[in-house]
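Fold and geometry: a report
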Amino acid sequence: MSHRDPFFCIVPSYMLENIMENGTSEQRQYAMNNLAHSVAVRERRAARPTAVPATAVGRTASMPSKNRIIYSAAEQNILPGQQVRSEGEPPTGDLSVDEAYAGAGATYDLFEQVYDHISVDGHGLRLDSTVHYRVGYDNAFWNGRQMVYGDGDEDLPEGQRLFNRFTVALDIIGHELVHGVTQFSAGLVYEGQAGALNEAFSDIFGSLVKQWKLGQTAVEADWLIGAELLTKNVNGEALRSLKAPGTAYDDRVLGKDPQPAHMDQYIVTTDDHGGVHVNSGIPNHAFYVAAIKMGGSAWEKAGRIWYTVLQSKLGTRATFQDAADATHQAAADLYGTNSLEQEAVYNGWTAVGITPAPTIPVTPPPPLPSENTAMGCRPTLKSLLFLLR
Amino acid sequence: MEIYFKRTGGFMGRSIMRMVDTAVLPHEKATALRTLVTQADFFELPSETAVSSSIADQFEYTVLIDDGKTHRHRIKRGDSTIPSTLWPLMRELTTLTHSEYGRAIDDIPIGDGGGDDNFSPAAVPHRPPLQP
Ligand SMILES: [Zn+2]
């Protein structure tokens, strides 16, 4: 079921979640079957600006602004849980809460200041995060409406812990939030190559949030996902590497990083929706190579090309080839045919075994007013097209 | 009691597939595990729940438990459909499969009852426990 399917569901999902906890087995079955539908409806409602009263998200229609709320699940599984920090409130002293708040803020800032994209939906949707989810929860996820973070192996003796809390790495927070951005734009289905692209966009922009926050060039960046997450008990530096997929960890308990960096090693599996978290290594590495070849800061040019493609150039079931063709064309649209940027994109994809299709020739766009670019509010292609209508 | 455990997906995308046999566990660990199975009301849980495709990075679990007597049941769950009563068992199994007690397996065996593993022991003839 796609989240774009039209349907109507009248039972609120918190009720369904309650039923799953407390209902009879028949009721639970009904609730479980309907929960996914309910999440999708909430997304659709949240996506319609008129469906969300401006006051409820702390903004007016004319002035969308950053609005974060952090909740604590208090080691339970009820979402979103108890509100513990909202926009503008001072730090709480709870590391997970404050990291989730700061990380959502940094991600929001990158998208707003560099890509002129306001929040996950482009219209200022409130950013909700829940921390302290369950006990011993080694994970983070995006449930279609909000981010959720576990505390890792906090319930185990220190000598046995493999994972720290999942808010510890800014790129993990960025990754989760970008799942929201993808959901409201390309809507890539979470399966096969489209799912691996969905994952790659999250890793790429998750890494870009960190690079942007640290002011690192493409060459200076570590290109790791979750560098702070693994404890000293694990032989590994991170969960994934865009620079060298397959090399992030090699551990007695966790095994070896299984990510391929080339189509020759594409993993065919039914697990994890067709290996979305492993095969993402291929498009991840294509972006890395392209960004390095372009030089400078990766979020500026490579990031802009991938952002443009995510917003308007991909179908929901896009393949790696589709992404290669679209980024190759977008590079031509933005920077000119045979530009250094277009060649870098071409080199990125061929490095992973994918040859982008020839592009429709375009002339380089006229230079934009310097005062705009200097202020970091360069209009996006989408906004230019809007103005031309 | 034999427990087959598979976990896929999650942020890390790392798959776990292991089995744990309470016969080889230290006595107190085996007792604790049996208690968690009881507390979860495992054999009465619906066998499968829809895993939402709009949830990114969630874990998906497949667990089969054979108590060697009257119960053999298999369930499949996503993170969002695990009731709080079942979570402690899932957590303990994750930890156990990371320990020396977890044994590598190729697949999770099918449960009794074919497509619907939700069977009543009284209605379905008992099948002997799986051979390792
Ligand atoms: Zn993800």
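Check the entry above for the structure.
Read on for a plain summary of the structure. (Residues numbered from 1 in each chain as written. Chains lettered and ligands numbered in written order. Predicted model: local features only at pLDDT ≥ 70, side-chain atom pairs only at ≥ 80, totals over all residues. Heavy atoms only, no water.)

**Some remarks on the packing of aromatic side chains**
According to the stated counting rule, one finds 19 aromatic pairs over all chains in the structure shown. With 4.9 Å between their ring centres and 90 degrees between their planes, Phe-287 of chain A and Trp-306 of chain A make a pair best called edge-to-face. On the criterion of sequence distance, the pair formed by Phe-287 of chain A in helix α7 (residues 281-294) and Trp-306 of chain A in helix α8 (residues 302-312) is long-range, its members being 19 residues apart. The positively charged end of Arg-68 of chain A is found above the aromatic ring belonging to Tyr-101 of chain A, 3.7 Å away from the centroid. Sitting above the plane of the Phe-59 of chain B ring, Arg-7 of chain B keeps its charged end 3.7 Å from the centroid. (Phe/Tyr/Trp six-rings, centres within 6.5 Å; stacked < 30°, edge-to-face > 60°. Helix = DSSP H or I, 4+ residues; strand = E, 2+ residues; numbered from the N terminus. Lys NZ or Arg CZ within 6 Å of the ring centre and 35° of its normal.)

**Overview of the coordination of the zinc ion**
Every protein donor of the zinc ion is listed here as His-175 of chain A (NE2), His-179 of chain A (NE2), Glu-199 of chain A (OE), Asp-57 of chain B (OD) and Asp-57 of chain B (OD), and their distances to the metal cover 2.0 to 2.4 Å. Here His-175 of chain A, found in helix α4 (residues 170-184), pairs with Glu-199 of chain A, found in helix α5 (residues 192-214); they are 24 residues apart in sequence, far enough to count as distant. Across the pair, exposure class does not vary: His-175 of chain A and Glu-199 of chain A are buried alike. (Donors = N, O, S within 2.8 Å, 3.2 Å for Na, K, Ca; no water. Buried < 20%, exposed > 50% of the residue type's maximum accessible area, 1.4 Å probe, protein only.)

**With respect to the interface of chain B and chain A**
Contacts between chain B and chain A engage 36 residues on the former and 51 residues on the latter. Here chain B meets chain A over a buried area of about 3500 Å², counting both sides, of which 54% is carbon and sulfur. Taken as a group, Phe-11, Met-12 and Arg-91 of chain B account for 23% of the area that chain B buries against chain A, more than any other trio of residues on that side. The interface formed by chain B and chain A holds four salt bridges in total. Across the salt bridge formed by Arg-91 of chain B and Asp-155 of chain A, the nearest N and O atoms sit 2.7 Å from each other. Applying the counting rule to chain B against chain A returns 22 residue pairs in polar contact (both at pLDDT 80 or more). Only β1 (2-9), β3 (59-66) and α2 (87-97) of chain B provide two or more residues apiece to the side of chain B that touches chain A. Residues of the side of chain B that touches chain A, tallied by class, amount to 12 nonpolar, 15 polar and nine charged. (Contact = heavy atoms within 4.5 Å. Buried area = accessible area lost by both parts, 1.4 Å probe. Salt bridge = Lys/Arg side-chain N within 4 Å of Asp/Glu carboxyl O. Polar contact = N/O pair within 3.5 Å; in protein donor to acceptor, adjacent residues only side chain to side chain. Nonpolar A, V, L, I, M, F, W, Y, C, P; charged D, E, K, R; others polar.)

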